[in-house]
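# Survey of secondary and tertiary structure
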Amino acid sequence: MLIYAKNRRKFMENVWYDFKHGFMERLRSLKGSPGSIAAGAATGVMVSFTPFIGLHTLLAIVFAWLIRANVLAAALGTVVGNPWTFPFIWASVYYTGRVLLEGAAAAVMPVNFENIFHAASHALMTFDFSDFLSDVWPVLKPMIIGCVPFCIAAWIISYYIVKNTLDKLTAN
């Protein structure tokens, strides 16, 4: 059992190292200054914290273009939002939004995101927004408000991580 745990840990360390190394090598191969690439990647990471599923890449490209950051790095940065991280992001953003809107006494109510996405997609497909306002908006509004602090923190942290790493890689 101990050998299995050691091998599994080594395997996970290698997976993380390969992902991090490959991601940074892809970013380093892009044209542009380290600041522009870092701003683009940070924009992609930031957009991953918004509740606008399906629009993350488009939003990242538009925001990167607006701030004159690297557009391809922004598209690569959206990889932070994926099926493994979205449940944690959604729950954190939703409950933060509830606290920001209702105060510290906000009741913690479980949310069935599957039903919310079904109602949202049904409303968009049929152009029937009466259900959207009654079913989706009570969850979407706190998520929009709650994503703001996460977006700011994600942009700042990821910008400095990527910029410092690219500076070190280009110095070698």
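First things first, this report covers the structure right here in the doc. From a predicted model like this one, the values you see are computed outputs, not experimental measurements.

## Some details on the overall build of the protein chain
In terms of regular secondary structure, the protein chain is built from seven helices and zero strands. For the protein chain, the succession of helices and strands along the chain, N to C, is α-α-α-α-α-α-α. Scored against the burial criterion, the 172 residues of the protein chain give a buried share of 34%. The long-range share in the protein chain, meaning contacts at least 24 apart out of those at least 6 apart in sequence, stands at 69%. Only carbon and sulfur atoms are counted for the fraction: they give 70% of the accessible area of the protein chain, which is about 11,100 Å².

## Some words on the layout of surface pockets
A volume near 360 Å³ is recorded for the second largest pocket. Forming the boundary of the second largest pocket are 17 residues, of which Pro51, Ile53, Phe117, Ala120 and Leu140 lie nearest the centre. Breaking the lining of the second largest pocket down by element, the ones donating at least two residues are helix H6 (113-126) and helix H7 (129-171). When grouped by side-chain class, the residues that make up the lining of the second largest pocket number 15 nonpolar, two polar and no charged.

## Observations regarding the nonpolar core
By size, the foremost hydrophobic cluster in this structure holds 36 residues, and its most contacted members are Phe49, Phe113, Val136, Val139 and Met143. Where this core is concerned, the elements lending two or more residues are helix H2 (34-47), helix H3 (56-66), helix H4 (71-77), helix H5 (86-102), H6 and H7. The element contributing the most residues to this core is H7, with 11 residues. For Phe113, the contacting residues outside a window of four places in its chain are Trp90, Tyr94, Val139 and Met143.

## Concerning the packing of aromatic side chains
Scanning the entire structure with this criterion turns up five aromatic pairs. Aromatic pair Phe86 and Trp90: ring centres 5.2 Å apart, planes at 5°, arrangement stacked. One end of the pair, Phe86, and the other, Trp90, are both in helix H5, four residues apart, so they sit about a helical turn from each other. Judged by its relative accessible area of 15%, Trp90 falls in the buried class. Ring geometry for Trp155 and Tyr159: centres 5.1 Å apart, planes at 5°, overall stacked. In this pair, Trp155 and Tyr159 both sit in helix H7, four residues apart, roughly one turn of the helix. Since its relative accessible area comes to 26%, Trp155 is described here as partly exposed. Members of the aromatic cluster, connected to one another through ring pairs, are Trp155, Tyr159 and Tyr160.

## Description of H5
Helix length check: H5 (17 residues) gives 24 Å between terminal C-alpha atoms against 24 Å at 1.5 Å per residue, within 8%. Buried within H5 are the following residues: Phe86, Ile89, Trp90, Val93, Tyr94, Gly97 and Arg98. Down the axis of H5, the sector holding all buried residues measures 155°, keeping them to one side. Where H5 is buried, its residues contact H3, H6 and H7. Gly103 occupies a position one or two residues after H5 and carries a positive phi of about 90°.

## Points about a nonpolar patch on the surface
There is a patch of nonpolar side chains on the surface, built from Phe52, Leu55, Leu58, Val62, Phe63, Trp65, Leu66 and Ile67 and spanning about 780 Å² of accessible area. Relative to the assigned elements, Phe63 resides in helix H3. You can call Phe63 partly exposed: its relative accessible area is 35%.

Calculation criteria
- Residues numbered from 1 in each chain as written.
- Predicted model: local features only at pLDDT ≥ 70, side-chain atom pairs only at ≥ 80, totals over all residues.
- Heavy atoms only, no water.
- Helix = DSSP H or I, 4+ residues; strand = E, 2+ residues; numbered from the N terminus.
- Buried < 20%, exposed > 50% of the residue type's maximum accessible area, 1.4 Å probe, protein only.
- Contact = heavy atoms within 4.5 Å.
- Areas by Shrake-Rupley, 256 points an atom, 1.4 Å probe, with all protein chains shown as cover.
- 1 Å grid on protein atoms, 1.4 Å probe; cavity = no way out; pocket = protein on both sides within 12 Å on 5 of 7 lines; lining within 4 Å.
- Points joined across faces, edges and corners; volume = space filled by probe spheres on them.
- Nonpolar A, V, L, I, M, F, W, Y, C, P; charged D, E, K, R; others polar.
- Core = buried A, V, L, I, M, F, W, Y, C linked by side-chain atoms within 4.5 Å.
- Phe/Tyr/Trp six-rings, centres within 6.5 Å; stacked < 30°, edge-to-face > 60°.
- Expected span 1.5 Å × (residues − 1).
- Arc of directions from axis to C-beta.
- Patch = residues over 30% accessible without salt bridge, like charges linked within 9 Å, V, L, I, M, F, W, Y side chains within 5 Å.
- Salt bridge = Lys/Arg side-chain N within 4 Å of Asp/Glu carboxyl O.

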